[in-house]
Amino acid sequence: MEETSLLSLLFVSSLLICSTNQARLTVSPSRSQFFKDEFVSLSCEEDDSSAGWRLWRNTSTKTKAECGAEWGKSTGSSCNISYIDPWDSGVYWCESREGATSNIISITVTGGSVILQSPVLPVMEGHDVTLHCKTKTTPSNLPAAFYKDGSLIRTESTGHMTIHHVTKSDEGLYKCQISSDGESPPSWITVTGKPTTTVPPTSGAPPPASALLHLMFILVRYLVVLCPYFISTVLMVSLYRHRPTGNGSSVSMATTSSNHAQQGLAEDYDDITAIGTERDF
């Protein structure tokens, strides 16, 4: 029972060692461009708060700056910027005490009057994406021209443009322009591939090869971690079971000596009997 409990504990420990905690950085409002003096909140959506995720950024004036120490106000795993400025433009990410990192978000702050509202996170292939050209002073939608990689795509009277069923070819640098107010800064839109989906096997059908390979990979990974502990435990238990004891050795030696003595006496008796027989004849 003790051996089984020990092996179970080692197995659970190996699973905990192999597991990794992840965090996902989000920004509110959910866009990559902001007007000067807007309120912005960034958060590390984490699997485990004990990992100690903190927010960091790189800007044109400072690299590897931590929230709360050199910018923003830290509230646990979140960071608030009450009045964002153009020098806050840069890349932001979450980082744990162990050095694990989250996704990276690029933020652009403009002192102008036009921004492009675009997805701050990567867009999946096949989804629709809507770009909105927004002014700081005019609440209503104004006609806007949209550009990709410096080339005009088209002009929309509503001020927003939808790209249907995006593909990798739609990835690029976008900006917009409103003739009466000016041009927005450019923002990069990233397109990611669709995740592969596996169809669950029907009853009685063998699992797909990809599922078997995945299971084998997991098994090998755990065996690599667990085998040293398992082998050392088996060796210790084996040595414990087969270790020699003083009493057992003494009894064995005594028994062997007694058997040898009895065998010697029997052989002497046979010799004496044989000699006596010869004399009688």
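Residues numbered from 1 in each chain as written. Predicted model: local features only at pLDDT ≥ 70, side-chain atom pairs only at ≥ 80, totals over all residues. Heavy atoms only, no water.

The name given to the chain in an unreviewed UniProt entry is Fc receptor-like protein 5, with the source organism recorded as Lates calcarifer.

Describing the overall build of the chain
Rule in force here: Strands are runs of DSSP state E lasting at least two residues, helices are runs of H or I lasting at least four, and both sets are numbered from the N terminus onward. We call two residues in contact when some of their heavy atoms are within 4.5 Å. Computed by Shrake-Rupley with a 1.4 Å probe, the accessible areas treat only the displayed protein chains as cover when residues are assessed.
The helix and strand inventory of the chain stands at three helices and 19 strands. Sequence-distant contacts, at least 24 apart, represent 59% of the contacts inside the chain between residues at least 6 apart. Just so you have it, the chain exposes about 18000 Å², and 59% of that area is on carbon and sulfur atoms.

Some remarks on the packing of aromatic side chains
Put simply, the rule reads: Only centres within 6.5 Å qualify two rings of Phe, Tyr or Trp (six-membered ring in Trp) as a pair; their planes then separate them into stacked at under 30 degrees, edge-to-face at over 60, and tilted for everything else. By the criterion adopted, a ring carries a charge over it if an Arg CZ or a Lys NZ lies within 6 Å of its centre and within 35 degrees of its normal.
This model, assessed by the stated rule, comprises one aromatic pair. The side chain of Lys-64 reaches across the aromatic face of Trp-56, ending 4.7 Å from its centre. Its guanidinium or amino end placed over the ring of Tyr-147, Lys-175 lies 5.6 Å from that ring's centre, counting from NZ or CZ.

Description of the side chain of Thr-26
Relative to the assigned elements, Thr-26 resides in strand β1 (residues 23–28). Ignoring sequence-local partners within four residues, the contact set of Thr-26 consists of Ser-41, Leu-42, Ser-43, Glu-45 and Ile-105.

Observations concerning the nonpolar core
Quick note on the threshold: For the purposes of this section, nonpolar cores are sets of buried Ala, Val, Leu, Ile, Met, Phe, Trp, Tyr and Cys residues that join through side-chain atoms within 4.5 Å. Note on classification: 1.4 Å probe, protein chains only; a residue is buried when its accessible area is under 20% of the maximum for its type, exposed when over 50%, partly exposed between these limits.
Ranked by size, the top nonpolar core spans 22 residues in total, and within it Val-27, Leu-42, Leu-55, Trp-71 and Ile-107 carry the most contacts. Looking at this core, the elements with two or more residues in it are β1, β3 (40–46), β7 (78–81), β8 (90–95) and β9 (105–110). If near-sequence neighbours (up to four positions away) are discounted, Trp-71 is found in contact with Leu-42, Leu-55, Trp-56, Arg-57, Ala-65, Glu-66, Cys-79, Ile-81 and Tyr-92. Counting 16 residues, the second-largest nonpolar core is a separate cluster that includes Val-123, Cys-176, Ile-189 and Val-191.

Details of the sheet that holds β1
Quick note on the threshold: Between any two strands, pairing holds if DSSP finds at least two bridges. Interaxial angle, 0 to 180 degrees, is taken between N-to-C directions of lines fitted to C-alpha atoms, where a helix line uses only the stretch in contact.
In spatial order, the strands read β1-β3-β7-β6; together these four strands make up an open sheet with antiparallel pairing. Strand pairing shows two members of the sheet lacking a second neighbour, β1 and β6 (73–75), which therefore form its edges. Each adjacent strand pair in this sheet contributes to an overall mean axis angle of 20 degrees, direction not counted.

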